[in-house]
Amino acid sequence: MALNLNKNLKLYYSIKEVAEMFGLNESTLRYWEQEFPYLKPKTKGPSNVRQYAEKDIEQIRLIHNLVKVRGFKLAAAKKIINNNRDGADKTAEIINRLTEVKEQLQALKKQLDFLQ
């Protein structure tokens, strides 16, 4: 069996880490947990410290894409996710990939401009 060097070894992320990943406030994530019932991070200890697994982060990525990137209201985002979950997932994946490609192209352009 080959060693997968690209695999993320971290199993859980704190609410602070997840908020920073998406440029959100921690309170926004807590609110989304109330609004989207399938977004349930694991809680630990008497202080209920939230621990987000990779599946939770994928849920947040989808919600973030619909609400913050595409500008849907929360009610509309819920409706889209409930009615067409697969389509919403694929759209979010495509937008994320296009954003990555755009960033790579911008970096290449900067390099080319620097060489001239």
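In this report, we go over the structure that sits alongside the text. Because the structure is a prediction, the values reported are computed rather than measured. (Residues numbered from 1 in each chain as written. Predicted model: local features only at pLDDT ≥ 70, side-chain atom pairs only at ≥ 80, totals over all residues. Heavy atoms only, no water.)

Its location among the elements puts Glu-54 in helix H3 (residues 54-69). Linking Glu-54 and Lys-10, residues 44 residues apart in sequence, is a C-alpha distance of 8.9 Å. (Helix = DSSP H or I, 4+ residues; strand = E, 2+ residues; numbered from the N terminus.)

Bringing a nonpolar patch on the surface into the picture now. Nonpolar side chains collect at one region of the surface, where Leu-112, Phe-114 and Leu-115 lie side by side and expose about 420 Å² of accessible area between them. With respect to the element layout, Leu-112 can be found in helix H5 (residues 85-115). (Patch = residues over 30% accessible without salt bridge, like charges linked within 9 Å, V, L, I, M, F, W, Y side chains within 5 Å. Areas by Shrake-Rupley, 256 points an atom, 1.4 Å probe, with all protein chains shown as cover. Salt bridge = Lys/Arg side-chain N within 4 Å of Asp/Glu carboxyl O.)

What follows concerns the layout of surface pockets. Leftover empty space is mapped by rolling, across the atoms, a probe with the size of a water molecule. The volume enclosed by the largest pocket comes to roughly 170 Å³. Lining of the largest pocket is provided by Met-21, Phe-22, Arg-61, His-64, Asn-65, Val-69, Ile-95, Asn-96 and Thr-99. Elements with a contribution of two residues or more to the lining of the largest pocket: helix H1 (15-22), H3 and H5. No other element matches H3, which puts four residues into the lining of the largest pocket. In the lining of the largest pocket, the residues fall into four nonpolar, four polar and one charged. (1 Å grid on protein atoms, 1.4 Å probe; cavity = no way out; pocket = protein on both sides within 12 Å on 5 of 7 lines; lining within 4 Å. Points joined across faces, edges and corners; volume = space filled by probe spheres on them. Nonpolar A, V, L, I, M, F, W, Y, C, P; charged D, E, K, R; others polar.)

Among all positions in H3, only Asp-56, Ile-57, Gln-59, Ile-60, Leu-62, Ile-63, His-64, Asn-65, Leu-66 and Val-67 are buried. One or two positions beyond H3, positive phi appears at Gly-71, with a value near 85°. (Buried < 20%, exposed > 50% of the residue type's maximum accessible area, 1.4 Å probe, protein only.)

A separate point is the pattern of salt bridges. Evaluated as defined, the whole model comprises seven salt bridges. Here Glu-35 ties to Lys-78 by a salt bridge, and the two come within 2.8 Å at their closest N and O atoms. You can see Glu-35 sitting in helix H2 (residues 26-35) and its partner Lys-78 sitting in helix H4 (residues 74-83), a full 43 residues away along the chain. When the shortest N-O distance is used, the salt bridge between Lys-55 and Asp-56 registers 3.4 Å. Overall, the relative accessible area of 56% leaves Lys-55 in the exposed class.

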